[in-house]
Each structure stands twice: as structure tokens, then as C-alpha cells.
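# Structural overview
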Amino acid sequence: MPLFGNVVVIKRNGTDGISFPLTASSCLFGRRTECDIRIQLPQVSKEHCKIEVNENKEAILTNLSTANPTQLNGSCFQQPVPLKHGDVLTIIDRSFRYLMVYDVTNTAGGCERIRIPRIRVTGSPTLSYDTTAFALSFHQL
């Protein structure tokens with residue numbers, strides 16, 4: 001089963017809560033029982049927003065609610081938008097963080113250097129990014 005990323009609940013105190021792995025190419029948020037992530041608040045639409053993974057393995061967020069639009073990093077949006085590692089989507093007063101999964105392949109030298117943003121959360125869902133580099137080693141068995 002492929003893993004396209006994770007959606008992490010941000011608790012009201014700003015700490016991380018439950019993590020939902022994105023193992024399907026679509027993840028629907030809303031009140032309906034058929035939604036992948038259910039939010040049982042009367043202000044939440046039956047189908048509020050969705051994350052879809054396209055053929056380029058990009059996660060795209062689409063708002064489906066006209067009454068109470070989904071926010072991305074504190075701003076409303078009209079058109080579907082690609083998600084970046086650490087983006088925060090908010091539905092009414094519930095916030096979620098999108099975390100990418102990085103695909104690292106073995107190279108001829110046996111080691112590949114990649115850059116992954118590190119996210120620090122301090123007391124609120126406001127994020128600060130600190131990009132760090134590290135090396136991953138692969139050993140032939």
C-alpha cells in the first residue's frame with residue numbers, strides 16, 4: 001500500500017495529535033460518515049475539503065465548502081492548491097498539518113544527500129521552518 005503523506009491533527013494546545021497516513025490517492029474531510037476524516041461540528045460541510053494526489057505525486061488541497069471555506073496557512077483560497085511539507089489546513093476551529101513522505105532511492109555511491117524541512121511548533125499552529133541536511137546511507141546485503 002503506497003504512502004502519500006500524513007495528516008496530523010493539531011490539538012488545541014498546539015501539540016501534535018493523531019496522525020492519519022494518506023494511503024489512498026484521495027482523502028475527504030467533512031461531516032458525512034463516508035468521509036475519511038470526520039469532523040462532527042454543525043458548521044462543517046458534509047464534504048468540506050479534500051486532498052488528492054495527482055499523477056506527479058503532488059498532494060492538492062481543494063476547498064468544497066462555500067459557507068465556511070477551508071483555510072491554508074491562515075488564508076482562504078479559491079482554486080485547488082498544491083500542499084507543501086508542514087502546511088496547516090484549518091476547518092472551522094480544527095487544524096491539521098500535512099507532512100510529505102520523501103522518496104529516497106539508492107545511488108551508485110551508496111549514499112544520497114537530501115534536504116528535509118524541520119518544523120518547530122511552539123504553543124500555536126504557527127510554523128517556523130528550519131531546513132537541515134542529513135545523509136542517508138544504504139548498505140548492500
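Residues numbered from 1 in each chain as written. Predicted model: local features only at pLDDT ≥ 70, side-chain atom pairs only at ≥ 80, totals over all residues. Heavy atoms only, no water.

For the protein chain, the helix and strand inventory stands at zero helices and 13 strands. Order of helices (α) and strands (β) in the protein chain, N terminus to C terminus: β-β-β-β-β-β-β-β-β-β-β-β-β. Taking all 141 residues of the protein chain together, 33% fall into the buried category. Long-range contacts, defined here as pairs at least 24 residues apart, represent 33% of the contacts in the protein chain between residues at least 6 apart. Total accessible area on the protein chain is roughly 8700 Å²; 51% of this is exposed by carbon and sulfur atoms. (Helix = DSSP H or I, 4+ residues; strand = E, 2+ residues; numbered from the N terminus. Buried < 20%, exposed > 50% of the residue type's maximum accessible area, 1.4 Å probe, protein only. Contact = heavy atoms within 4.5 Å. Areas by Shrake-Rupley, 256 points an atom, 1.4 Å probe, with all protein chains shown as cover.)

Below, the discussion takes up unusual backbone geometry. In this structure, Asn-73 is a non-glycine residue whose phi angle is positive, near 55°. Within the element layout of this structure, Asn-73 appears in the loop between strand 7 (71–72) and strand 8 (75–76). Residue Asn-73 is classed as partly exposed on the basis of its relative accessible area of 42%. At Ile-92, a position not held by glycine, the phi torsion is positive, near 55°. Following the sequence through the fold, Ile-92 ends up in the loop between strand 10 (88–91) and strand 11 (94–99).

What the rule picks out here adds up to one aromatic pair. Ring centres 5.3 Å apart and planes at 70° place the aromatic pair Phe-29 and Phe-96 in the edge-to-face group. Of this pair, Phe-29 sits in strand 3 (residues 26–30) while Phe-96 sits in strand 11, and the two are 67 residues apart along the sequence. Taken as a pair, Phe-29 and Phe-96 share a single burial class, namely buried. (Phe/Tyr/Trp six-rings, centres within 6.5 Å; stacked < 30°, edge-to-face > 60°.)

On to the confidence of the model for the protein chain. Taken over all residues, the pLDDT of the protein chain has a mean of 81, while the share at 70 or more is 72%. In the model, residues 111–141 has pLDDT below 50 throughout and makes 65 contacts with residues more than four positions away in sequence or in other chains. (pLDDT = per-residue confidence, 0-100.)

Ordered in space as 2-1-11-10-7-8, the six strands form an open sheet in which the pairing is antiparallel. The open sheet has two free edges, formed respectively by strand 2 (16–21) and strand 8, since each of these has just one partner strand. By the bridge criterion, two bridges tie strand 7 to strand 10 in an arrangement that is antiparallel. Bridge pairing in strand 10 links Gln-71 to Thr-90. (Pairing = 2+ DSSP bridges.)

Formed by 19 residues in total, the largest nonpolar core has its most connected members in Phe-29, Ile-51, Leu-61, Leu-89, Ile-91 and Phe-96. If you list the elements that add at least two residues to this core, you get strand 3, strand 5 (49–53), strand 6 (59–63), strand 10 and strand 11. With residues near it in sequence (within four places) discarded, Phe-96 still touches Val-7, Val-8, Val-9, Ile-10, Phe-29, Ile-37, Ile-39, Asp-87, Val-88, Leu-89 and Ile-91. (Core = buried A, V, L, I, M, F, W, Y, C linked by side-chain atoms within 4.5 Å.)

Turning our eyes to something else, we now look at the sheet that holds strand 5. Taken together, five strands build an open sheet; the order of strands is 4-3-5-6-9 and the sheet is mixed. The sheet is open, and its two edges are formed by strand 4 (37–38) and strand 9 (81–82), each paired on a single side.

Here we take up the state of the cysteines. According to the stated counting rule, one finds zero disulfides in the structure shown. No disulfide involves Cys-27; its nearest neighbouring cysteine sulfur is the one of Cys-49, lying 8.1 Å away. (Disulfide = S-S within 2.5 Å.)

For the rest of this paragraph, the subject is the environment of Gly-86. Counting through the fold element by element, Gly-86 comes out in the loop between strand 9 and strand 10. Among the residues examined, Gly-86 registers a relative accessible area of 0% and is labelled buried. Expressed as a C-alpha distance, the spacing of Gly-86 and Tyr-98, which sit 12 residues apart in the sequence, is 5.4 Å.

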